[in-house]
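# Observations on the three-dimensional arrangement
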Amino acid sequence: MIFITAKFRVRPEHADSWPEVTADFTRATRAEPGCLWFDWSRSVDEPTEYVLVEAFRDDEAAGAHVQSAHFKAAQQTLPPHLVETPRIVNTTIPQDDWSLLGEMTVPGQE
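Predicted, not measured: the structure shown is a model, and the values here were computed from it. (Residues numbered from 1 in each chain as written. Predicted model: local features only at pLDDT ≥ 70, side-chain atom pairs only at ≥ 80, totals over all residues. Heavy atoms only, no water.)

### Observations concerning the nonpolar core
The biggest cluster of nonpolar side chains holds 18 residues, and the ones touching the most others in it are Phe8, Trp18, Phe38, Trp40 and Phe56. Those elements giving two or more residues to this core turn out to be β1 (2-9), β2 (35-42), β3 (49-56) and α3 (59-67). If you tally residues by element for this core, the top one is β1, at four residues. Those residues in contact with Phe56, other than ones at most four positions away along the chain, are Met1, Ile2, Ile4, Thr29, Glu32, Gly34, Cys35, Leu36, Ala61, Ala62 and His65. Counting six residues, the second-largest nonpolar core is a separate cluster that includes Met1, Val51, Val53 and Ala55. (Core = buried A, V, L, I, M, F, W, Y, C linked by side-chain atoms within 4.5 Å. Buried < 20%, exposed > 50% of the residue type's maximum accessible area, 1.4 Å probe, protein only. Helix = DSSP H or I, 4+ residues; strand = E, 2+ residues; numbered from the N terminus. Contact = heavy atoms within 4.5 Å.)

### A word on the pattern of salt bridges
Taken as a whole and judged by the stated rule, the model has seven salt bridges. In this structure, Asp16 engages Arg42 in a salt bridge whose closest nitrogen and oxygen atoms are separated by 3.0 Å. On the criterion of sequence distance, the pair formed by Asp16 in the loop between β1 and α1 (18-21) and Arg42 in strand β2 is long-range, its members being 26 residues apart. Asp16 sits in the exposed class, given a relative accessible area of 62%. Judged by its relative accessible area of 34%, Arg42 falls in the partly exposed class. (Salt bridge = Lys/Arg side-chain N within 4 Å of Asp/Glu carboxyl O.)

Put into structure tokens, the structure is as follows:
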């Protein structure tokens, strides 16, 4: 899978509304056939920072995402809400879902 994590520093006046600002983009991306997940989290230390964790089935699915109409629209609509260009980690991982964190196994859930 293609695993991507990106950090978005949102302008303070838009930080609380960021989930609504990105709602259409998020909904459309999650509906893509090759999208495994597309999840936003807000930093507990920096209230203007959001972290996006996303994964796509393969290079073809990731490519289709970047070529989609909703991605192209997001390229125009999201940057005005940002303080800086988002930072990203993008890598290929030989798996297709989350692995269990063995160091914190919940008893009875092995």
